[in-house]
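Close look at the chain arrangement
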Amino acid sequence: MTIRIGVIGTGAIGEDHARRITHVLSGGHIVAVTDVNRSQAEAVVARLGLDARVYDDGHELIKAADVDALLVTSWGPTHEEFVLAAIKAGKYVFCEKPLATTAQGCLNIVNAEVAAGQRLVQIGFMRPYDRGYQLLKQAIDDNQIGEPLMVHCAHRNPTVPESYITSMAIVDTAIHELDVLRWLLNDDYKTVQVVYPRRTRNRFEHLADPQVVLIETHKGVRIDLEIFVNCQYGYDIQCSVVGETGIINLPEPQSLLVRSDARLSTAILTDWKQRFIDAYDIELQNFINGIAQGRIEGPTAWDGYAAAVAADACVKAQESGQIEAVVMAERPAFYNQ
Ligand SMILES: NC(=O)c1ccc[n+]([C@@H]2O[C@H](COP(=O)([O-])OP(=O)(O)OC[C@H]3O[C@@H](n4cnc5c(N)ncnc54)[C@H](O)[C@@H]3O)[C@@H](O)[C@H]2O)c1
Ligand SMILES: O[C@H]1[C@H](O)[C@@H](O)[C@H](O)[C@@H](O)[C@H]1O
């Protein structure tokens, strides 16, 4: 059985996912694409050699009879309307993060999915599929370091474009940690605060960079998360969990150790596409397999909502300078299955 897939938004990750579905994974076929910039969609069809129709509009594509499932990889603020339309059409939808740019937007999707009575939405939180994070989780669950007490994280991008604004440090970047740390610690967030260190000169004037997000979980774990999106030197993701009897660190991506010219060195990645390449492959293969089996199992709309509630509180904390509470709605039993 081949799942016929339509892609809404053929930018960086839309093209990369279309590439992996076409050339790496099995069971999926890209039959339709659309982008507000039509020439971008046409260029991707040509570059990847896709046998896909180019639509003028995402809503038209969602309704197309030969499209079984959607990938929503357009800009964050457009996700909610496309995911709601997909649910209305009764079609499976893989939505890149963020599910919506506000918690209320995510809740609208949660409510629509619960009303539809079937899991249709998978969100593109790929870190739980990453081998390194899985090793961390296994060690915590096996009690190798006792109870986790503190987590030190860093999320560093080499540079960001001028269109990247201060709140995106939360809704676009920190959102990955806001998702993966709930899963890792099996915990939810209680309060957040954002503090601003001295700003780097290597930023656009309007952007506060770096930022430090301080989080307290319900179990009392303290998390400090550095967001530094103009760090210059590479794409660098760090996570160190301090427990009662030991410390575990996220493994570095595999890389050659080079002895040469009186130096011992190893390269640092610069591109997010490479850092989590295996995790992206696995998450999308799971989505395709899940559709074929009539049951998708990846990160849910509720996970998207939970991360967005924390993100909303962080954005409030960016503006207020205060410690802000993270208050979630009650989890529908639908998501306990
Ligand atoms: N999971 C991850 O690690 C990861 C990595 C990168 C991006 N993302 C997410 O994926 C999304 C896209 O990011 P990107 O880096 O590919 O951005 P991008 O700007 O490269 O691509 C987005 C594309 O969507 C198109 N678009 C915007 N509005 C549209 C609409 N209404 N209909 C159709 N097309 C539309 C744009 O023209 C653009 O080509 C963002 O939400 C981003 O946060 C996730
Ligand atoms: O959309 C991207 C992507 O999610 C990357 O993983 C993250 O490091 C970037 O900060 C963000 O802008």
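Structure shown above.
Throughout what follows, the structure given in this document is the object of discussion. Treat the numbers as computed from the prediction; the structure is a model and nothing was measured.

Focus: the site of ligand 2
- Around ligand 2, the neighbouring residues are Lys97, His155, Asn157, Asp172, Thr173, His176 and Tyr235.
- Between an oxygen atom of ligand 2 and a side-chain N or O atom of His155, the distance comes to 2.5 Å.
- Here Asp172 contributes a side-chain N or O atom positioned 2.7 Å from an oxygen atom of ligand 2.
- Calculation on ligand 2 without its partners gives an accessible area of 300 Å², and the protein chains cover 84% of this total.
- In this structure the site holding ligand 2 corresponds to the largest pocket.
- Per-element tally for the shell around ligand 2: the top contributor is helix H7 (residues 168-185), with three residues.
- Of the residues assigned to the shell around ligand 2, the class counts are one nonpolar, four polar and two charged.

A look at the pairing of strand E9 (residues 211-217)
- By the criterion of burial, E9 is predominantly enclosed, with five of the seven residues buried.
- Here E9 pairs with strand E10 (residues 222-228) via six bridges, running antiparallel. If you follow Glu216 over to E10, its bridge partner there is Arg222.
- A loop of four residues connects E9 with E10, the two strands running antiparallel in sequence, and Gly220 in this loop sits at a positive phi of about 95 degrees.

Describing unusual backbone geometry
- Note that the residue after Lys97, namely Pro98, is joined by a cis bond; omega there is -10 degrees.
- Following the sequence through the fold, Pro98 ends up in the loop between strand E5 (92-95) and helix H5 (103-116).
- Omega for the peptide link from Asp209 to Pro210 comes to 5 degrees, which places this bond in the cis form.
- On the secondary structure map, Pro210 appears in the loop between strand E8 (189-195) and E9.
- Residues other than glycine seldom take positive phi values, yet Asn143 does so here, at roughly 65 degrees.
- Its place among the elements puts Asn143 in the loop between helix H6 (131-141) and strand E7 (148-156).
- Although it is not a glycine, Asn186 sits at a positive phi angle of roughly 50 degrees.

Calculation criteria
- Numbers given for residues are sequential positions, taken from 1 along each chain in its written order.
- Naming scheme: in the order in which they are written, chains are lettered from A and ligands are numbered from 1.
- In keeping with the predicted nature of the model, local features appear solely for residues at pLDDT of at least 70, side-chain atom pairs appear and are counted solely at 80 or more, and the whole-chain, interface and lining totals rest on all residues.
- Only hydrogens and water are set aside when side-chain values are computed; all heavy atoms of the structure are taken into account.
- Residue proximity to a molecule or strand is established when one non-hydrogen atom of the residue lies within 4 Å of it.
- The definition of a polar contact used here is a pair of N or O atoms within 3.5 Å, where within protein one atom must be able to donate a hydrogen and the other to accept one, and adjacent residues in sequence count solely through side-chain atom pairs.
- Accessible surface is estimated by sampling points in the Shrake-Rupley manner with a 1.4 Å probe; for residues, cover comes only from the protein chains shown.
- With a 1 Å grid spanning the protein atoms alone, the term cavity applies to any set of points in which a 1.4 Å probe fits but cannot get out, the term pocket to an open set with protein on both sides within 12 Å along at least five of seven lines, and the term lining residue to any residue with an atom within 4 Å of a point.
- Here the criterion for a molecule occupying a pocket or cavity is that more than half of its atoms lie within 2 Å of the pocket grid points.
- Runs of E in the DSSP output that reach at least two residues are strands. Runs of H or I that reach at least four are helices, and both are numbered from the N terminus.
- Polar here means any residue outside two lists: the nonpolar Ala, Val, Leu, Ile, Met, Phe, Trp, Tyr, Cys and Pro, and the charged Asp, Glu, Lys and Arg; Gly therefore counts as polar.
- Under the scheme applied here, a residue whose accessible area is under 20% of the maximum for its type counts as buried, over 50% as exposed, and between as partly exposed, the area being computed with a 1.4 Å probe on protein chains only.
- Here the rule is simple: two strands pair whenever DSSP picks up at least two bridges between them.

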